[in-house]
Each structure stands twice: as C-alpha cells, then as structure tokens.
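Geometric and topological summary
Read off the chains here:
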Amino acid sequence: MARIVSDRATKTDQVVVLPSSLEDPNKAPPGSYRILICAACLSISAFFAALVIAYIWRSGMASYWQQFRLPRVLWLSTALILMSSATLETARRVFRRGLWRLANRLLLARATLGLAFLAAQLVAWRDLVRQGAYMMENPHGAFFYLFTGLHAAHLLGGLIALFVVLFGRRKRRELVDVVTNYWHFLSVLWLALFEVLRTVS
C-alpha cells in the first residue's frame, strides 16, 4: 500500500497501525507538518511570482529605472545555498539510518552554511549601496532589496526550524523531512530569483 501522508505509520496489508502518540492531544498527528509546509510553500511561491511579474512589468518602464552591476558575491551566495541543501539532504539520509550523531554534525554544518549565505547577502547589499542603488531612489534597486530581503527572512525561518530540530529533545523523522524539503524549496526559489535578477533589466 502506498504511503499517502506520513512515514510514521507502520502499514500492513489490511490494517494501518498508528503510534500511541496520537492519543496525546498535545502532539500533532502524523502528516500535519507536511501539509502545513506544503501550504506555506504554495503561498510563498504565489507571493514571489506576483513580485516577479511586477518586476518585469516595471523594468519595461524607463522612468527612474537606473541600471546597476549585479554584485558578484551573489554567485557565492548561490554556491553556499546549494552546498547547504546538499548537506541537509545528506543529513536526512544519515538520520534515517540511525546515525544521529553524524546527522547532528551535518545539520550544524548546514546551519553554518545558511548563516554564511545571509552574510553574503549583506555584503551584496553593501555593494549596491556603494553603487548608489538605494531603495527609495531607484526602483531597480528597490526590487533587488525586496527579493533578497524577503528570501533571507524566509531562510531565517528555516534556520530557526533547523535549530529546533537540532537542539530539540526528540528528533522526529517527519520534522527532519519537513525542514529538509522547506530548505530545498528555498534553494530552488533563490535560483529562480537569481536568474530573474540576472536576465531582466
């Protein structure tokens, strides 16, 4: 029988055996975190899609649209977020094998890469300021700050969730999967945003 929502249920041919934790009303039932993160990713995607459409539309208007050089550190940011995504995926697979100590080290390495990504974004902002691209004066720069700032805010939420998993008393496989999938989503989102910023002028 195919798994629909949760990996925590042990299934047989005729009976679905659920863990006794379902009897505790203080604990979320299996699959609830996955449903919540899917809904969150869909809403975030719709929000950023609307921003990209507005960005493309506004770029076609020449008034007050000043070009600037895209900071080179964004290439480093892209490499860092891809490395962190690969590290987190490795941590998930190691966790499934029961190697919790190694998984913890990989999760900590992923958190370090995530913080390095945020630091690289701050360097990119400083580069734009040096070029004279301020948020209130240049719509082109304003969209750049908006894209990178909102993405960084969602990424910071992913880091908080990671620290909850890393330092929590109980490391549930479902939580590790949810955090990993959310981070993969943010990585793909950043690749899309980076491509839009590179190609649309």
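Residues numbered from 1 in each chain as written. Predicted model: local features only at pLDDT ≥ 70, side-chain atom pairs only at ≥ 80, totals over all residues. Heavy atoms only, no water.

**Points about the packing of helix H4 (residues 139-167) against helix H5 (residues 173-199)**
Orientation of H4 relative to H5, taken along the N-to-C sense of each, is 165 degrees, at an axis distance of 10 Å. Here H4 is positioned roughly antiparallel relative to H5, judged by the angle of their axes. Regarding H4 and H5, the two cross each other, and that crossing is left-handed. Side by side, H4 and H5 meet where Phe144, Phe147, Thr148, His151, His154, Leu155, Gly158, Leu159, Ala161, Leu162 and Val165 of the first sit next to Leu175, Val176, Val179, Tyr182, Trp183, Leu186, Leu189, Trp190, Leu193 and Leu197 of the second. Counted by class, the contact of H4 with H5 contains 17 nonpolar, four polar and no charged residues. (Axes fitted to C-alpha atoms, helices over the stretch in contact; angles between N-to-C directions. Helix = DSSP H or I, 4+ residues; strand = E, 2+ residues; numbered from the N terminus. Parallel < 35°, antiparallel > 145°, perpendicular 65-115°, else oblique. Left-handed = near helix turned anticlockwise from the far one by under 90°. Contact = heavy atoms within 4.5 Å. Nonpolar A, V, L, I, M, F, W, Y, C, P; charged D, E, K, R; others polar.)

**Description of the nonpolar core**
Core analysis: the biggest nonpolar cluster contains 52 residues, and Tyr55, Phe147 and Leu155 have the highest contact counts within it. Where this core is concerned, the elements lending two or more residues are helix H1 (32-59), helix H2 (73-96), helix H3 (100-130), H4 and H5. With 13 residues, H5 is the largest single contributor of residues to this core. Leave out the neighbours within four places in its chain, and Leu155 touches Ile81, Gly114, Phe117, Leu118, Trp183 and Leu186. (Core = buried A, V, L, I, M, F, W, Y, C linked by side-chain atoms within 4.5 Å. Buried < 20%, exposed > 50% of the residue type's maximum accessible area, 1.4 Å probe, protein only.)

**Remarks on the packing of H3 against H5**
Across the interface, H3 lies against H5 with an axial gap of 14 Å and an inter-helix angle of 30 degrees. In this view, H3 runs roughly parallel relative to H5, as classed from their interaxial angle. The way H3 lies across H5 gives a crossing that is left-handed. Packed against H3, whose contacting residues are Arg110, Gly114, Phe117 and Gln121, the element H5 presents Val179, Trp183 and Trp190 at the interface. In terms of residue class, the contact of H3 with H5 is made up of four nonpolar, two polar and one charged.

**As for the environment of Tyr145**
With respect to the element layout, Tyr145 can be found in helix H4. Placed 11 residues apart in sequence, Tyr145 and Tyr134 show a C-alpha to C-alpha distance of 8.8 Å.

**A short note on the packing of aromatic side chains**
Summed over all chains, the structure comprises 11 aromatic pairs. Their ring planes at 80 degrees and their centres at 5.4 Å tell us that Tyr55 and Phe147 sit as a pair that is edge-to-face. Of this pair, Tyr55 sits in helix H1 while Phe147 sits in helix H4, placing them 92 residues apart in sequence. Summarising the burial analysis for this pair, Tyr55 and Phe147 share the class buried. Members of the aromatic cluster, connected to one another through ring pairs, are Phe68, Trp125, Phe144 and Tyr145. A cation over an aromatic ring shows up here: Arg110 above the ring of Trp183, its NZ or CZ 3.3 Å from the ring centre. Sitting over the ring of Phe194, Arg198 keeps its end group 5.8 Å from the ring centre. (Phe/Tyr/Trp six-rings, centres within 6.5 Å; stacked < 30°, edge-to-face > 60°. Lys NZ or Arg CZ within 6 Å of the ring centre and 35° of its normal.)

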